[in-house]
Amino acid sequence: MTGRLICASNRTGSTRAASGGLAVALSAALKERGGIWFGWNGETVEEGESTGEPDVTEEGNVRLVAGPLTHHEFENYYLGYANSVLWPICHHRLDHVSFRRDYVDDYRRVNRRFAHQLGPLVREGDLVWVHDYHLIPLGAELRAQGIGARMGFFLHIPFPPPDILMAMPEHEWLIRSLFSYDLIGFQTNGDRMNFLHYVTEQAGGKVGSGNKVCAFGREVEVRAFPIGIDVEGFKQMTQTPEARRIIRRMRQRNLGRSQIIGVDRLDYSKGLPERYKAFQQLLERYPENQGRVVLMQIAQPTREAVDAYSDLRQEMEWLSGAINGQFGDFEWTPIRNIHRSVGRDTLAALFAASRVGLVTPLRDGMNLVAKEYAAAQDEEEPGVLVLSRFAGAAEMMDAALLVNPYNMEEVANAMQRALHMPAEERRERHQGLMRVIEETDVSIWAEAFLSALEHTPPPRQE
Ligand code: GDG
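None of the values given here were measured: they were computed from a predicted structure.

A. Just the pattern of salt bridges, in detail. Counted by the stated rule, this structure contains 28 salt bridges. A salt bridge links D126 to R4, with the nearest nitrogen and oxygen atoms 2.7 Å apart. With D126 in the loop between α3 (101-118) and β5 (127-131) and R4 in the segment before β1 (5-11), this residue pair connects regions lying 122 residues apart in the sequence. The class of D126 is buried, set by a relative accessible area of 3%. Of the residues examined, R4 reaches a relative accessible area of 15% and is grouped as buried. The salt bridge partner of D267 is R303, with a shortest N-O separation of 3.4 Å.

B. Here's a closer look at the site of the ligand. Around the ligand, 21 residues are found, and the nearest of them are H156, V342, D364, L368 and E372. The separation between an oxygen atom of the ligand and a polar main-chain atom of M366 is 2.8 Å. When isolated, the ligand has an accessible area of 740 Å², and the protein chains bury 85% of it. Of all elements in the fold, only β11 (258-266), β12 (293-301), α12 (344-352) and α13 (368-375) reach the threshold of two or more residues within the shell around the ligand. Tallying contributions element by element places α13 first for the shell around the ligand, with three residues. Per-class residue counts for the shell around the ligand are nine nonpolar, seven polar and five charged. No fewer than three residues from each of domain 1 (5-228 + 443-454) and domain 2 (231-439) sit in the shell around the ligand.

C. Here's a closer look at α13. Counting buried residues in α13 gives seven out of eight residues, a clear majority hidden from the surface. Every buried residue belonging to α13 is among V369, A370, K371, E372, Y373, A374 and A375, and all of these are buried. Packed against the buried residues of α13 are α8 (231-237), β11, α12, β14 (356-359), β15 (384-388) and α15 (423-439).

D. Here's a closer look at the nonpolar core. Core analysis: the biggest nonpolar cluster contains 95 residues, and Y81, L138, I175, F195, I260 and F279 have the highest contact counts within it. Among the elements that make up this core, the one with the highest residue count is helix α2 (residues 71-90) (ten residues). Counting contributing residues per domain, this core is built from domain 1 (5-228 + 443-454) and domain 2 (231-439), each supplying no fewer than three. With residues up to four places along the chain from it excluded, the contact list for I260 reads F279, L282, V293, V294, L295, M296, V356, L358, M415 and L419.

E. Summary view of the packing of helix α9 (residues 241-254) against α12. In contact at an axis separation of 9 Å, α9 and α12 are set at 45° when each is read in the N-to-C sense. Regarding the angle of α9 to α12, the classification is oblique. Where α9 crosses over α12, the handedness of that crossing is right-handed. Contact residues: A243, I246, I247, M250 and R251 in α9; T346, A349, L350 and A352 in α12. Of the residues that constitute the contact of α9 with α12, the class distribution is seven nonpolar, one polar and one charged.

F. Up close: the domain arrangement of the protein chain. By the assigned domains, the protein chain splits into domain 1 (5-228 + 443-454) and domain 2 (231-439). Of note, the centres of domain 1 and domain 2, computed from C-alpha atoms alone, are 31 Å apart. Across the boundary between the two partners, domain 1 contributes 26 residues, which contact 22 residues of domain 2. Between domain 1 and domain 2 lies a buried interface of about 1800 Å² when both sides are counted; carbon and sulfur atoms form 63% of it. Counting every contact that joins domain 1 to domain 2 gives six residue pairs in polar contact (both at pLDDT 80 or more). Secondary-structure elements contributing two or more residues to the side of domain 1 that touches domain 2 are α2 and α7 (189-202). Element by element, the count of residues in the side of domain 1 that touches domain 2 is highest for α2, at seven residues. Of the residues that constitute the side of domain 1 that touches domain 2, the class distribution is eleven nonpolar, 14 polar and one charged.

G. Highlighting the sheet that holds strand β7 (residues 183-186). In spatial order, the strands read β3-β4-β2-β1-β5-β6-β7-β10-β9-β8; together these ten strands make up an open sheet with mixed pairing. Edge positions in the open sheet fall to β3 (55-59) and β8 (206-207), since each of these has one partner strand only. Across four bridges, the pairing between β1 and β5 is parallel. Considered in β5, the bridge of C7 is made with W129. Sheet strands touched by α3: β1, β2 (35-45) and β4 (62-70). Its angle to β4, the strand with the most contacts, is close to 150°. Packing of helix α16 (residues 442-454) onto the sheet brings it into contact with β1, β5, β6 (150-154), β7 and β10 (218-224), and relative to β5 it is tilted by some 130°.

H. Here's a closer look at the packing of aromatic side chains. Inspection of every chain in the model, using the stated rule, returns 24 aromatic pairs. Both rings, one in W40 and one in F74, keep their centres 5.8 Å apart while their planes meet at 45°; by these two values the pair is tilted. One end of the pair, W40, is in strand β2; the other, F74, is in helix α2, with 34 residues separating them in the sequence. Consider the rings of F186 and F195, whose centres lie 5.2 Å apart with planes at 45°: the pair is tilted. The residues F186 and F195 share a single accessibility class, namely buried. Positioned above the aromatic ring of W40 is the side chain of R11, whose terminal nitrogen or guanidinium carbon lies 5.4 Å from the ring centre. Sitting above the plane of the W87 ring, R303 keeps its charged end 4.3 Å from the centroid.

I. The side chain of S84, seen in detail. Tracing the sequence through the fold places S84 in helix α2. Note on S84: relative accessible area 8%, which makes it buried. Side-chain polar atoms of S84 contact the backbone oxygen of L79, separated by 2.7 Å. If we skip the residues at most four places from it in the chain, S84 touches L79, H96, V97, S98, Y103 and V306.

Criteria and cut-off values
Residues numbered from 1 in each chain as written. Predicted model: local features only at pLDDT ≥ 70, side-chain atom pairs only at ≥ 80, totals over all residues. Heavy atoms only, no water. Salt bridge = Lys/Arg side-chain N within 4 Å of Asp/Glu carboxyl O. Helix = DSSP H or I, 4+ residues; strand = E, 2+ residues; numbered from the N terminus. Buried < 20%, exposed > 50% of the residue type's maximum accessible area, 1.4 Å probe, protein only. Near = heavy atom within 4 Å. Polar contact = N/O pair within 3.5 Å; in protein donor to acceptor, adjacent residues only side chain to side chain. Areas by Shrake-Rupley, 256 points an atom, 1.4 Å probe, with all protein chains shown as cover. Nonpolar A, V, L, I, M, F, W, Y, C, P; charged D, E, K, R; others polar. Domains from an automatic or database assignment. Contact = heavy atoms within 4.5 Å. Core = buried A, V, L, I, M, F, W, Y, C linked by side-chain atoms within 4.5 Å. Axes fitted to C-alpha atoms, helices over the stretch in contact; angles between N-to-C directions. Parallel < 35°, antiparallel > 145°, perpendicular 65-115°, else oblique. Left-handed = near helix turned anticlockwise from the far one by under 90°. Buried area = accessible area lost by both parts, 1.4 Å probe. Pairing = 2+ DSSP bridges. Phe/Tyr/Trp six-rings, centres within 6.5 Å; stacked < 30°, edge-to-face > 60°. Lys NZ or Arg CZ within 6 Å of the ring centre and 35° of its normal.

Structure representation (structure tokens):
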């Protein structure tokens, strides 16, 4: 094992109270190697106020280095370029893109500022691991400061086909900046292929042996590393006395009805209105489910300052109201629409108590909820996962009922099949899903990425 691990992600966490797959994985890798976790602390300061030097907190052998954004940076870098350009482009949603010169300028400026804060902390022999679309140019900015450490980048969201990417005025600059890294990781082979198509067809690049790709005068290794969850940790969450109590209470409250569960950030990529319409079709096409099935949808609001997100919330409320009005009665409310965050242990219990896990994004990098739902199931009496073909998770989790989320009739049929599936088939499918999620456990994912990064050739100075 070589030097320390330096992680950079848009938001930092704590190694002491890590919750959520990624934070847990990064904490474990950081504690094992010692290192730095760098990023935004989630706070904003007034214009004119200096963002100053980031705060430094020591947690054992890990140093957390995190500072605020100004309001302007929050608007243009975070809500603007990251979430109103890159997010919709990568999720194939050109209808939600808002190109503005000042967005990209500020995205670049914030990445440069981050590089100036992080660069002096990097030592020779360290491994630098940059996460996600907010920080694509961070590697190039660090190289510009003469940082010679090995650097890897992992994209958590999908990489779009060239035709969509090329709608961005600055696509070439963005992809060129990825070539400052030594290793680029994508969620799926499909994402990796989209990247290779762009590089070979649009940038005159060449694909060599051993996952190496040459373009823009540099060579980089490009591989798929499907992210996973902390399988054992999640399973254990369903076994605590509190979780068992929640599961019991929920079963009593549902009075023998089958529960279908959806858990998503309230985001247009997650296919939520389409999901409600598919549920409506389930009740129309298979009326025996009326009074017998409940859809519980937890949709935690995010990025509400972006119009597309607030519009979505209204649409969801309208749709659930209409469906509940159409079918509900004194004793039965078909859809429970919960627009707030719930605790992780409650979530695990909700998954365990639900007969069907409904994960139907229109496009998703991986989708960890699919893996969490499978991990929470009782192996003797498991529920059934209905999974969108357009989630990265579908590339390996083919033991789920795979559906086209745009085809509501197909999703309704899959729900019906899931609700009536014999126990033997449920167990067989569940075993298939468990094999995949164990093979891609988040600790395996982090180790695979870091080991590949350690084995890349030493970077040459630019
Ligand atoms: C991005 C990519 C990729 C959700 N609601 C609550 C809550 N959650 C947790 C889930 C899950 C996580 O948040 C969501 O992860 P996903 O993978 O489903 O989706 P994104 O947030 O879009 O994540 C995605 C991921 O990065 C990792 O690479 O898989 O494709 O888009 O863990 O359980 N957690 C709590 N309360 C909630 O209300 N506690």
